[in-house]
Amino acid sequence: MHREVLRGKIHRATVTEANLEYEGSLTVDSELLEAAGLSAYERIDVYNITNGNRFSTYLIEGPRHSGVICVNGAAAHLSRSGDKVIITGYGLAAESEVRDHRPRVVLVDEANRIKQVLRESTGTRVS
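Residues numbered from 1 in each chain as written. Predicted model: local features only at pLDDT ≥ 70, side-chain atom pairs only at ≥ 80, totals over all residues. Heavy atoms only, no water.

Caption draft 1: Summary view of the overall build of the protein chain. Counting its secondary structure elements, the protein chain contains two helices and nine strands. In the protein chain, the succession of helices and strands from N to C terminus is β-β-β-α-β-β-β-β-α-β-β. Against the globule reference of 14 Å for 127 residues, the protein chain gives a C-alpha radius of gyration of 14 Å, in line with a compact fold. Counting only C-alpha atoms, the protein chain reaches 45 × 30 × 25 Å along its principal axes. The buried share of the protein chain, taken over its 127 residues, is 45%. (Helix = DSSP H or I, 4+ residues; strand = E, 2+ residues; numbered from the N terminus. Rg over C-alpha atoms; globule rule 2.2 N^0.38 Å. Buried < 20%, exposed > 50% of the residue type's maximum accessible area, 1.4 Å probe, protein only.)

Caption draft 2: Region of interest: the sheet that holds strand β6 (residues 69–72). Ordered in space as β2-β6-β3-β5-β4-β7-β1-β8-β9, the nine strands form an open sheet in which the pairing is mixed. Since the sheet does not close on itself, it has two edges, and those belong to β2 (17–19) and β9 (114–118), each with one partner. Strand-to-strand twist across the sheet, computed as the mean angle between neighbouring axes with direction ignored, equals 30 degrees. Taken together, the four bridges between strand β4 (residues 43–48) and strand β7 (residues 84–94) define a ladder with antiparallel strand orientation. Along β7, the bridge assignment pairs N48 with V85. (Pairing = 2+ DSSP bridges. Axes fitted to C-alpha atoms, helices over the stretch in contact; angles between N-to-C directions.)

This is the structure in structure tokens:
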């Protein structure tokens, strides 16, 4: 049996733009994706801390070091520039892997620059 577990997340990122006219997805600074272990076109969930909205979409790589977090397409109705969001990616783990699994947690500042990368929410730092 397998369990769906959190693989990586970008915690409390600030939405920089909402583009209703784009065909859907979430554009994220490629440096943040790499730090969280997430990939372009991967399905993700977004939790809007500001207004409580939640939605699923896929990722598009944004320019490295840009700090971009752009909500595109229909999801632009659910988030606005300035909103705080949590971006999460999940994966399947075998029962034997669950106990030792530790997701990557990327903490960012107000400009979506990496402050810290944790290996788990208890504060274990990645090298």
